[in-house]
Amino acid sequence: MAKNQPSPEIKFFSGQHIPVELHKVRMVQKLHLKPVEERLEAMEKGGYNTFQLNTRDIFLDMLTDSGTNAMSDNQISSMLQADDAYAGSQSFYRMEQAVRQVFGKHFVLPVHQGRAAENIISQAFIKPGDAIPMNYHFTTTKAHMELNGGEVLEIYTDEALKIKSNVPFKGNIDINRLNKVIEKYGAKHIPFIRMEASTNLIGGQPFSVQNMREVRAVAEKHQIPVVLDASLIGENAWFIKKREEAYQNASIAEILLTMCGLADIVYFSSRKVSSTRGGGICTDSEELYMKMRDLVVLYEGFTTYGGISVREIEAMAVGLYETTDETVIAQSPSFIEYAVNTLDSLGVPVVTPAGALGCHIDAMGFLPHVPQEEYPAGALAAALFIVSGIRGMERGTISSVRDKEGNDVLADVELLRLAFPRRVFTLSQTMFMIDRVNWLFQNRHLVGGLRFTEEPAVLRFFNGRLTPTSPWPQKLVEKFREDFGQSL
Ligand SMILES: *Cc1c(COP(=O)(O)O)cnc(C)c1O
């Protein structure tokens with residue numbers, strides 16, 4: 001790589017590793033830390049599902065990084081120059097320019113969020129009986145593909161689902177498995193191969209450029225397009241710079257262009273990648289663009305706004321440029337790394353190496369006495385909220401769907417994800433989280449399981465309601481009072 005771009009790392013005299021915020025806070029929002037009894041009440045009202053909580057009752061909202069990131073001063077100020085127009089808005093052309101420069105793709109279709117891109121791509125390219133190989137599924141991706149009659153094939157490497165690992169690229173596709181599935185299903189039944197940057201559901205784990213090159217070579221041999229889910233691409237690029245020898249001196253901008261250059265279609269959720277709202281689909285191929293364009297008009301809005309407000313489109317453009325700035329994108333993964341390494345040193349089972357998006361606690365390792373049928377990750381999410389006011393997200397069996405016979409499909413991994421929205425939380429808040437997780441770990445025997453009382457048929461994790469299988473939450477509150485007195 002041509003450019004020599006050292007990382008903006010800060011070393012400490014003491015030898016400690018402390019992640020430093022390379023930004024300052026210029027607008028604040030007051031938070032509320034309520035007494036533990038009130039948090040228990042809120043959890044009961046929310047049916048032991050953290051999606052059903054009201055932010056009024058939450059201290060640190062670590063549910064997701066989707067649409068909850070802090071915007072920069074430049075993003076906020078860009079919103080004031082937004083050009084309101086149904087068609088031909090200048091805001092769109094500025095965003096198109098940003099996509100061309102940052103992702104290197106010529107055509108861009110705006111959509112209202114990431115899953116809308118998945119709807120369009122699935123409708124445009126998937127026919128009943130098709131199979132789509134990928135490193136790992138994402139909830140909304142899988143739902144849209146299956147709705148169009150497609151089958152999701154996860155061809156991750158053996159290392160991907162191991163909780164403890166020091167493999168730097170657990171998000172890689174297994175090339176042998178890729179060759180095998182192409183042989184088995186036939187290239188004409190494979191509309192595309194999907195690679196997800198910073199693979200969300202397995203702990204925000206990245207893939208390497210080397211792996212993507214190998215996937216590309218196989219795809220070209222069989223003339224199968226490659227689709228890149230770039231929702232978490234900034235962090236994946238950062239991990240490539242940190243972990244892939246050949247790219248340690250490359251700039252993030254170069255790595256982003258390299259990754260996108262290996263894909264035929266790149267789609268993204270701007271709720272993540274540029275800290276705003278909306279999303280987009282981009283490609284260099286006019287043929288692929290034309291297959292999707294009219295679906296965007298039908299489902300999203302005219303092709304120069306795609307269901308997004310022009311203010312958000314302006315902020316998207318600035319956010320995309322900022323994704324090439326290492327000091328901007330390093331903040332979230334370096335805080336996650338700090339949290340993961342500290343929890344790991346305390347013996348708390350967490351997914352290693354640290355990934356993007358959040359800190360992922362292994363609920364089966366944390367609560368070995370809670371059977372998987374009683375949703376350990378959901379129970380852990382509820383317990384942590386009660387003892388800390390921190391809201392995390394269950395990523396386990398509750399997040400999967402029942403099979404055709406109505407049986408629970410036990411998830412490969414049961415994770416409690418504590419997301420780090422970009423540039424939102426400080427180091428002391430991170431330390432508070434670590435302290436309470438550690439206390440809960442020492443008292444883990446008090447946490448029991450959950451069962452459903454109301455269960456929607458589609459994406460049940462959003463609106464489902466559950467109840468504890470024994471009065472364990474009350475016992476947890478009693479122990480909290482014993483140890484912490486009147487503390488919040
Ligand atoms: C969040 C996410 C999506 C969906 O994006 P939304 O904007 O929430 O609809 C798709 N893929 C990945 C990898 C994501 O993280």
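Rules behind the numbers
- Residues numbered from 1 in each chain as written.
- Predicted model: local features only at pLDDT ≥ 70, side-chain atom pairs only at ≥ 80, totals over all residues.
- Heavy atoms only, no water.
- Buried < 20%, exposed > 50% of the residue type's maximum accessible area, 1.4 Å probe, protein only.
- Helix = DSSP H or I, 4+ residues; strand = E, 2+ residues; numbered from the N terminus.
- Arc of directions from axis to C-beta.
- Contact = heavy atoms within 4.5 Å.
- Polar contact = N/O pair within 3.5 Å; in protein donor to acceptor, adjacent residues only side chain to side chain.
- Near = heavy atom within 4 Å.
- Areas by Shrake-Rupley, 256 points an atom, 1.4 Å probe, with all protein chains shown as cover.
- Nonpolar A, V, L, I, M, F, W, Y, C, P; charged D, E, K, R; others polar.
- Phe/Tyr/Trp six-rings, centres within 6.5 Å; stacked < 30°, edge-to-face > 60°.
- Domains from an automatic or database assignment.
- Buried area = accessible area lost by both parts, 1.4 Å probe.
- Salt bridge = Lys/Arg side-chain N within 4 Å of Asp/Glu carboxyl O.
- Axes fitted to C-alpha atoms, helices over the stretch in contact; angles between N-to-C directions.
- Parallel < 35°, antiparallel > 145°, perpendicular 65-115°, else oblique.
- Left-handed = near helix turned anticlockwise from the far one by under 90°.
- Pairing = 2+ DSSP bridges.
- Core = buried A, V, L, I, M, F, W, Y, C linked by side-chain atoms within 4.5 Å.

1. As for helix α6 (residues 175-185)
Here is step 1 of the chain: Those residues of α6 not exposed but buried are Ile175, Leu178, Val181, Ile182 and Tyr185. One face of α6 carries all of its buried residues, which in axial projection span an arc of 120°. Summarising the geometry of α6, the exposed residues directed more than 90 degrees from the buried face are Asn176, Lys180, Glu183 and Lys184.
Here is step 2 of the chain: In this structure, the buried residues of α6 make contact with β3 (131-134), β4 (151-154), β5 (193-196) and α7 (209-221).
Here is step 3 of the chain: Measuring from the backbone nitrogen of Asn176 back to the side-chain oxygen at the start of α6 gives 3.0 Å, which picks out Asp174 as the cap.
Here is step 4 of the chain: Of the residues one or two after α6, Gly186 is the one with positive phi, at around 85°.

2. Quick notes on the site of the ligand
Here is step 1 of the chain: Residues in contact with the ligand amount to 14 residues; listed here are only the nearest, Gly114, Arg115, Asp229, Ser269 and Lys272.
Here is step 2 of the chain: Separating an oxygen atom of the ligand from a side-chain N or O atom of Asn200 is a distance of 2.9 Å.
Here is step 3 of the chain: Residue Ser269 places a side-chain N or O atom 2.6 Å away from an oxygen atom belonging to the ligand.
Here is step 4 of the chain: Across the complex, the protein chains shield 98% of the 380 Å² of accessible surface that the ligand would expose by itself.
Here is step 5 of the chain: Secondary structure elements with two or more residues in the shell around the ligand: α4 (114-125) and α10 (270-273).
Here is step 6 of the chain: Ranked by residue count, the leading element in the shell around the ligand is α4, at 3 residues.
Here is step 7 of the chain: A breakdown of the residues in the shell around the ligand according to their chemical character gives 1 nonpolar, 7 polar and 6 charged.

3. Remarks on the side chain of Thr139
Here is step 1 of the chain: Looking at where Thr139 falls in the secondary structure, it is placed in helix α5 (residues 139-147).
Here is step 2 of the chain: Assessed through its relative accessible area of 10%, Thr139 is described here as buried.
Here is step 3 of the chain: Non-local contacts of Thr139, meaning those with residues more than four positions away in its chain, are made with Leu201, Arg395, Ser399 and Phe461.

4. Quick notes on the packing of aromatic side chains
Aromatic ring pairs are reported here in terms of the distance separating the ring centres and the angle at which the planes meet.
Here is step 1 of the chain: What the rule picks out here adds up to 17 aromatic pairs.
Here is step 2 of the chain: Between the aromatic rings of Phe366 and Phe441, the centroid separation amounts to 5.0 Å while the plane-to-plane angle is 65°, which identifies the pairing as edge-to-face. With Phe366 in helix α15 (residues 363-366) and Phe441 in helix α17 (residues 427-442), this pair connects stretches of sequence that are 75 residues apart.
Here is step 3 of the chain: Residue class for Phe441 comes out buried when judged on its relative accessible area of 9%.
Here is step 4 of the chain: With a centroid separation of 4.2 Å and an interplanar angle of 40°, the aromatic rings of Phe461 and Phe462 are classed as tilted.
Here is step 5 of the chain: For Phe461, a relative accessible area of 4% gives the class buried.

5. Points about the domain arrangement of the chain
Here is step 1 of the chain: For the chain, the assigned domains are domain 1 (36-65 + 328-484) and domain 2 (73-324).
Here is step 2 of the chain: Computed from C-alpha atoms alone, the centre-to-centre distance between domain 1 and domain 2 is 28 Å.
Here is step 3 of the chain: Opposite the 29 residues of domain 1 that make contact, domain 2 presents 32 residues.
Here is step 4 of the chain: Contact with domain 2 buries surface across domain 1, with Ile329, Pro353 and Arg422 losing the most and accounting together for 24% of the total.
Here is step 5 of the chain: Across the domain 1-domain 2 interface, the total number found is 2 salt bridges.
Here is step 6 of the chain: As a salt-bridge pair, Glu235 and Arg422 come within 2.8 Å of each other at their nearest N and O atoms.
Here is step 7 of the chain: The interface formed by domain 1 and domain 2 contains 10 residue pairs in polar contact (both at pLDDT 80 or more).
Here is step 8 of the chain: Elements with a contribution of two residues or more to the side of domain 1 that touches domain 2: α13 (326-329), α14 (331-345), β9 (358-362), β12 (415-419) and α18 (460-463).
Here is step 9 of the chain: In terms of residue count, α14 provides more of the side of domain 1 that touches domain 2 than any other element does, 3 residues in total.
Here is step 10 of the chain: Of the residues belonging to the side of domain 1 that touches domain 2, the class tally is 16 nonpolar, 5 polar and 8 charged.

6. Side note on the packing of helix α8 (residues 233-243) against helix α9 (residues 252-261)
Here is step 1 of the chain: Axis separation between α8 and α9 bottoms out at 9 Å; the angle between their running directions is 110°. It follows from the interaxial angle that α8 and α9 lie roughly perpendicular. Note that α8 runs across α9; the crossing there is right-handed. Each of Ile233, Asn236, Ala237, Trp238, Ile240 and Lys241 in α8 lies in contact with α9, whose residues at this interface are Ile252, Ile255, Leu256, Met259 and Cys260.
Here is step 2 of the chain: Split into classes, the residues belonging to the contact of α8 with α9 amount to 9 nonpolar, 1 polar and 1 charged.

7. Thoughts on the environment of Thr157
Here is step 1 of the chain: Its place among the elements puts Thr157 in the loop between β4 and α6.
Here is step 2 of the chain: A C-alpha to C-alpha distance of 22 Å links Thr157 and Leu416, two positions 259 residues apart in sequence.
Here is step 3 of the chain: Apart from residues no more than four positions distant in its own chain, Thr157 is found in contact with Lys170, Asn172, Ile173, Asp174 and Arg177.

8. Overview of the pairing of β9
Regular strands show a simple pattern: their side chains alternate between the two faces of the sheet.
Here is step 1 of the chain: Among the 5 residues in β9, 5 count as buried, and that is most of the element.
Here is step 2 of the chain: Direction of pairing for β9 relative to β12: antiparallel, over a ladder of 5 bridges. Its bridge partner lying in β12, Cys359 is registered against Leu418.

9. Focus on helix α1 (residues 36-45)
Here is step 1 of the chain: Within α1, burial applies to Val36, Arg39, Leu40, Ala42 and Met43. Down the axis of α1, the sector holding all buried residues measures 160°, keeping them to one side.
Here is step 2 of the chain: Buried residues along α1 sit in contact with α16 (376-388), α17 and α19 (472-484).
Here is step 3 of the chain: One or two positions beyond α1, positive phi appears at Gly47, with a value near 60°.

10. Considerations on the nonpolar core
Here is step 1 of the chain: If you look at the biggest cluster of nonpolar residues, it comprises 61 residues, and the most contacted ones within it are Phe103, Leu178, Leu228 and Ile233.
Here is step 2 of the chain: Split by domain, the residues of this core number at least three in each of domain 1 (36-65 + 328-484) and domain 2 (73-324).
Here is step 3 of the chain: Residues contacting Ile233, with those up to four places away along its chain left out, are Phe103, Ala197, Leu228, Leu256, Met259, Cys260 and Val273.

11. Digging into the pairing of strand β7 (residues 265-269)
Here is step 1 of the chain: With 5 of 5 residues buried, β7 is to be regarded as a mostly interior element.
Here is step 2 of the chain: Direction of pairing for strand β6 (residues 226-229) relative to β7: parallel, over a ladder of 3 bridges. Residue pairing for β7: Asp229 is matched across the bridge by Tyr267.
Here is step 3 of the chain: Here β7 pairs with strand β8 (residues 279-283) via 5 bridges, running antiparallel.

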